[in-house]
Amino acid sequence: MSDPVHAIEPSRFREALGHYASGITVITSQLDGEPLGFTCQSFYSVSMNPPLVSFSVMSRSASYPKIRQAGRFAVNILSGDQVGISDQFARRGADKWRGVEWDESPLGNPLIGGSLHWLDCDIHAEHVAGDHLIVIGEVKALIRQQAPATQPLLYFKGQYCNLGGLAV
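As a starting point, this report considers the structure included with it. (Residues numbered from 1 in each chain as written. Predicted model: local features only at pLDDT ≥ 70, side-chain atom pairs only at ≥ 80, totals over all residues. Heavy atoms only, no water.)

**A closer look at the overall build of the protein chain**
So the rule is basically this: Every helix listed is a DSSP run of H or I at least four residues long, and every strand listed is a run of E at least two residues long, numbered separately from the N terminus. The globule rule used here is 2.2 Å times the number of residues to the 0.38 power, and the radius of gyration it is set against is calculated over C-alpha atoms. We call a residue buried when its accessible area falls under 20% of the maximum for its residue type, exposed when it is over 50%, and partly exposed in between, using a 1.4 Å probe and counting protein chains only. Residues are treated as being in contact if the distance between any of their heavy atoms lies within 4.5 Å. For accessible areas, the Shrake-Rupley method is used with a probe of radius 1.4 Å. Any residue's cover is judged against the shown protein chains and nothing else. Only four residue types enter the charge count: Lys and Arg as positive, Asp and Glu as negative, with His and the chain ends excluded. Lysine's charge is taken at NZ, arginine's at CZ, aspartate's at CG and glutamate's at CD.
Helix and strand counts for the protein chain stand at 3 helices and 12 strands. For the protein chain, whose C-alpha radius of gyration is 17 Å, the value lies close to the compact-globule estimate of 15 Å for 168 residues. Overall, the C-alpha framework of the protein chain stretches about 60 × 35 × 35 Å when taken along its three principal axes. A burial count over the protein chain gives 37% of its 168 residues as buried. By sequence separation, contacts in the protein chain at least 24 residues apart represent 62% of the contacts at least 6 residues apart. Summing over all exposed atoms, the protein chain offers an accessible surface of approximately 10,000 Å²; the carbon and sulfur share of this is 54%. Across the protein chain, 13 positive and 16 negative side-chain charges occur, with their mean positions spaced 4 Å apart.

**Observations regarding the pattern of salt bridges**
Side chains that carry opposite charge are capable of pairing whenever their charged atoms lie near each other. To be explicit about the condition: What makes a salt bridge here is a side-chain nitrogen of Lys or Arg within 4 Å of a carboxyl oxygen of Asp or Glu, nothing more.
Tallied over the entire structure, the rule returns 3 salt bridges. Glu 34 is paired through a salt bridge with Lys 66; the nearest N and O atoms lie 3.4 Å apart. Here Lys 66 lies in helix H2 (residues 64–70) and Glu 34 lies in strand S3 (residues 34–40), a separation of 32 residues in the sequence. Given the relative accessible area of 35%, Glu 34 is considered partly exposed. Between Glu 138 and Lys 140 there is a salt bridge, with the nearest N and O atoms lying 3.7 Å from each other. Given the relative accessible area of 22%, Glu 138 is considered partly exposed.

**Quick word on the sheet that holds strand S5 (residues 52–58)**
Under the convention used in this document: Here, strands pair whenever DSSP counts at least two bridges between them. With axes taken as lines fitted to C-alpha atoms, and helix axes fitted only over the stretch in contact, angles between N-to-C directions fall between 0 and 180 degrees.
Pairing is antiparallel across the open sheet formed by 7 strands, whose spatial order is S3-S2-S6-S9-S10-S5-S4. Strands with a single pairing partner mark the edges of an open sheet, and in this sheet they are S3 and strand S4 (43–47). Adjacent strand axes in the sheet meet at a mean angle of 35°, parallel and antiparallel pairs treated alike. Where S4 meets S5, 4 bridges bridge the pair, whose relative direction is antiparallel. Bridge pairing in S5 places Ser 47 opposite Leu 52. Contacts between helix H3 (residues 83–90) and the sheet are confined to strand S2 (25–31) and S3, with S3 contributing the most and set at about 105° to the helix.

**Overview of the sheet that holds strand S11 (residues 154–156)**
Working definition: the strands of a sheet are paired by backbone hydrogen bonds and lie parallel or antiparallel to each other. The 3 strands are arranged S1-S11-S12 in an open sheet whose pairing can be described as antiparallel. If you trace the sheet from one side to the other, it starts and ends with strand S1 (22–23) and strand S12 (159–161), each paired once. Two strands pair when backbone bridges link them, and S11 and S12 are joined in this way by 3 bridges, in the antiparallel orientation. Each residue of the ladder has a partner; that of Phe 156, found in S12, is Gln 159.

**Structural notes on the side chain of Arg 72**
Our working rule: N or O atoms closer than or at 3.5 Å make up a polar contact, with two conditions inside protein: a donor-capable atom paired with an acceptor-capable one, and, for residues adjacent in sequence, both atoms drawn from side chains.
As for its position among the elements, Arg 72 is in strand S6 (residues 72–77). Among the polar contacts made by the side chain of Arg 72, one reaches the main-chain carbonyl oxygen of Leu 107 at a distance of 3.0 Å. Among the polar contacts made by the side chain of Arg 72, one reaches the side chain of Asn 109 at a distance of 2.9 Å. Among residues more than four places away in sequence, those in contact with Arg 72 are Ser 29, Gln 30, Ile 67, Leu 107, Gly 108, Asn 109, Cys 121, Asp 122 and Ile 123.

**Things to note about the state of the cysteines**
Stated formally: What counts as a disulfide here is a pair of cysteine sulfur atoms lying within 2.5 Å.
Within this structure, the stated rule accounts for 0 disulfides. Cysteine Cys 161 shares no disulfide, and the gap to the nearest cysteine sulfur, in Cys 40, comes to 17 Å.

Below, the structure is given as structure tokens:
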């Protein structure tokens, strides 16, 4: 009988997980007047009482140490029209905020214009998990976009898509 446990190749693991559709968010914060942010698809709810959410970030992230220092963040839930925002905030070392319209949340976090919804959070806990950190935030405010409702920005099998299944 063969051993059912073998090493999982990272490329095959990534491909398998690509079959799980996820929404796209941008996690933002501000430290000493500098807006910070990165694209994140590993966002989910944790608890209703107290209201907790979570995201995962690479341990070597350039943005997250400053967000940790700020002690707070906003989750910007992107609309289907915001592919460019997602791509812009996914780049390392670039001026991620060039041309981005934003307002300040009640906690002082950047809220990206045109997003479907925002969650304003304090960092509640952080856990090391392999090459990532799992960050749990306590939601302190909910701010809904006033623009007409549109579709969310989704990611599936390595590309953006909409609820109708067509590429964006």
